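# Fold and contact review
The residues making up each chain are set out below.
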Amino acid sequence: MIRSLIQYADDAGRGVAALDAQGDAHQLVGVSSIRDLALDAIEGRKTLLERANALRGSRISLQGVRLLAPIDHPDPAHLLISGTGLTHLGSAEGRDKMHKAAAAGHATDSMRMFLMGEEGGKPGDGQEGVQPEWFYKGDGSILVSPDAPLAMPHFAGDGGEEPEIAGIYLNGPDGTPFRLGFSLGNEFSDHVTERVNYLWLAHSKLRQAALGPELLLGDLPTDVRGVSRILRDGETLWERPFLSGEANMSHSIHNLEHHHFKYAQFRRPGDVHVHFFGTATLSFTDKVQTKVGDLFEVAADCFSLPVRNPLVRAADQGIARVKPL
């Protein structure tokens, strides 16, 4: 049974392969991108799984090929990367502190948003739940492939990991959003900048993002168990388990999707969307200071392959100057 799809490149060009639960890979005949496969499935009114099964060819080895991000677009401007925050249940102690602060009348906007999600983030069928925090990260030009460096800008306060699940979407010819599947990712943010002032959250999110190589087909398991770690000089500097899936979230996936795609500009035909669903596990909260050369690694039980990315700092581009015309 096909569990996930991957995109890869080798000397012969690009290809797509299907992975089963054991991690065995089979090439899909005549397919060079998951986006093309999805467009074919939409046109033929088939699922991605049905099209992948119909095109499954010979077994291939993933050794010696370069794994790519599981989605891209020929024009990166037509791939939008965004996310939601305060969507995952933290520790019982953390939630208790939030409730106590709210009851005392001292809740911050973040606490209030979290509590709103706890109360109204999982609406019944046909009902609209409370909208989550939403942020923009960039277009397809900021998407980093597995194993490629994550570059924090020269002006960044830090570069910090955020282990998350992302939904991958493609808008059909009539603008209908189709969920292609889910990917493991490192949303990657600047938590030092965010800490200075919460109104700088938008700035802190304008960073690269990495996706693991797999597009998980079907529904996301309700209980996802993963591990996020940072390695420095080959040794584990920090490691924590993380949880995702609706059993560990204050919002349902459907509610997060509704509040993203309710905006008409996000339903433009042919556009691809990568939407991060949030996390509750960060090394920054444990006072870890990342350094250039650190290696981020995120793995989860419903994915065969992890996402690994070394941290680098981009060169100083100087002051951005605008020329009058």
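Above this text you will find the structure in question.
Residues numbered from 1 in each chain as written. Predicted model: local features only at pLDDT ≥ 70, side-chain atom pairs only at ≥ 80, totals over all residues. Heavy atoms only, no water.

On to the overall build of the protein. The helix and strand tally for the protein stands at 7 helices and 18 strands. Taking 325 residues into account, the globule formula puts the C-alpha radius of gyration at 20 Å, and the protein, at 20 Å, falls close to it. Seen along its three principal axes, the alpha-carbon backbone of the protein occupies a region of about 60 × 55 × 50 Å. Relative to its full complement of 325 residues, the protein shows a buried share of 49%. Sequence-distant contacts in the protein: of pairs separated by 6 or more residues, those separated by 24 or more amount to 74%. Carbon and sulfur atoms make up 52% of the accessible area of the protein, which totals about 16,000 Å². Charged side chains of the protein number 32 positive and 42 negative; the gap between the two group centres comes to 3 Å. (Helix = DSSP H or I, 4+ residues; strand = E, 2+ residues; numbered from the N terminus. Rg over C-alpha atoms; globule rule 2.2 N^0.38 Å. Buried < 20%, exposed > 50% of the residue type's maximum accessible area, 1.4 Å probe, protein only. Contact = heavy atoms within 4.5 Å. Areas by Shrake-Rupley, 256 points an atom, 1.4 Å probe, with all protein chains shown as cover. Lys, Arg positive; Asp, Glu negative; His and termini not counted. Charge placed at Lys NZ, Arg CZ, Asp CG, Glu CD.)

What follows concerns the packing of helix 1 (residues 34-44) against helix 2 (residues 48-55). Across the interface, helix 1 lies against helix 2 with an axial gap of 9 Å and an inter-helix angle of 110 degrees. Taken together, the axes of helix 1 and helix 2 are roughly perpendicular relative to one another. Only Leu 48, Arg 51 and Leu 55 of helix 2 make contact with helix 1, whose side of the interface consists of Leu 37, Ala 38, Asp 40 and Ala 41. Along the lines of polarity and charge, the residues of the contact of helix 1 with helix 2 split into 5 nonpolar, no polar and 2 charged. (Axes fitted to C-alpha atoms, helices over the stretch in contact; angles between N-to-C directions. Parallel < 35°, antiparallel > 145°, perpendicular 65-115°, else oblique. Nonpolar A, V, L, I, M, F, W, Y, C, P; charged D, E, K, R; others polar.)

Take the side chain of His 191 next. Tracing the backbone through its elements, the reader meets His 191 in helix 5 (residues 191-196). For His 191, the side chain forms a polar contact with the side chain of Glu 162, separated by 2.7 Å. Beyond its immediate chain neighbours, meaning those up to four positions away, His 191 contacts Asp 158, Gly 160, Glu 161, Glu 162, Leu 282 and Phe 284. (Polar contact = N/O pair within 3.5 Å; in protein donor to acceptor, adjacent residues only side chain to side chain.)

Our focus in this paragraph is helix 2. Listing the buried residues of helix 2 in full gives Leu 48, Ala 52 and Leu 55. Buried residues of helix 2, seen end-on, are gathered within an arc of 75 degrees and therefore sit on one face of the element. If you follow the buried residues of helix 2, they end up packed against strand 1 (2-10), strand 3 (25-28), helix 1, strand 4 (56-60), strand 11 (177-186) and strand 13 (214-216). (Arc of directions from axis to C-beta.)

It is worth spelling out the packing of aromatic side chains at this point. In this description, a pair of aromatic rings is defined by centroid distance and the angle of the planes. Per the stated rule, a full pass over the model turns up 5 aromatic pairs. With centroids separated by 6.2 Å and ring planes inclined at 55 degrees, the aromatic side chains of Phe 182 and Phe 277 adopt a geometry described as tilted. One end of the pair, Phe 182, is in strand 11; the other, Phe 277, is in the loop between strand 16 (272-276) and strand 17 (295-300), and 95 residues separate them in sequence. The burial state of Phe 182 is the same as that of Phe 277; both residues are buried. Following the ring pairs from residue to residue traces out a cluster consisting of Trp 134, Tyr 263 and Phe 266. Note that Lys 205 overlies the ring of Phe 135, its terminal NZ or CZ placed 4.4 Å from the centroid. (Phe/Tyr/Trp six-rings, centres within 6.5 Å; stacked < 30°, edge-to-face > 60°. Lys NZ or Arg CZ within 6 Å of the ring centre and 35° of its normal.)

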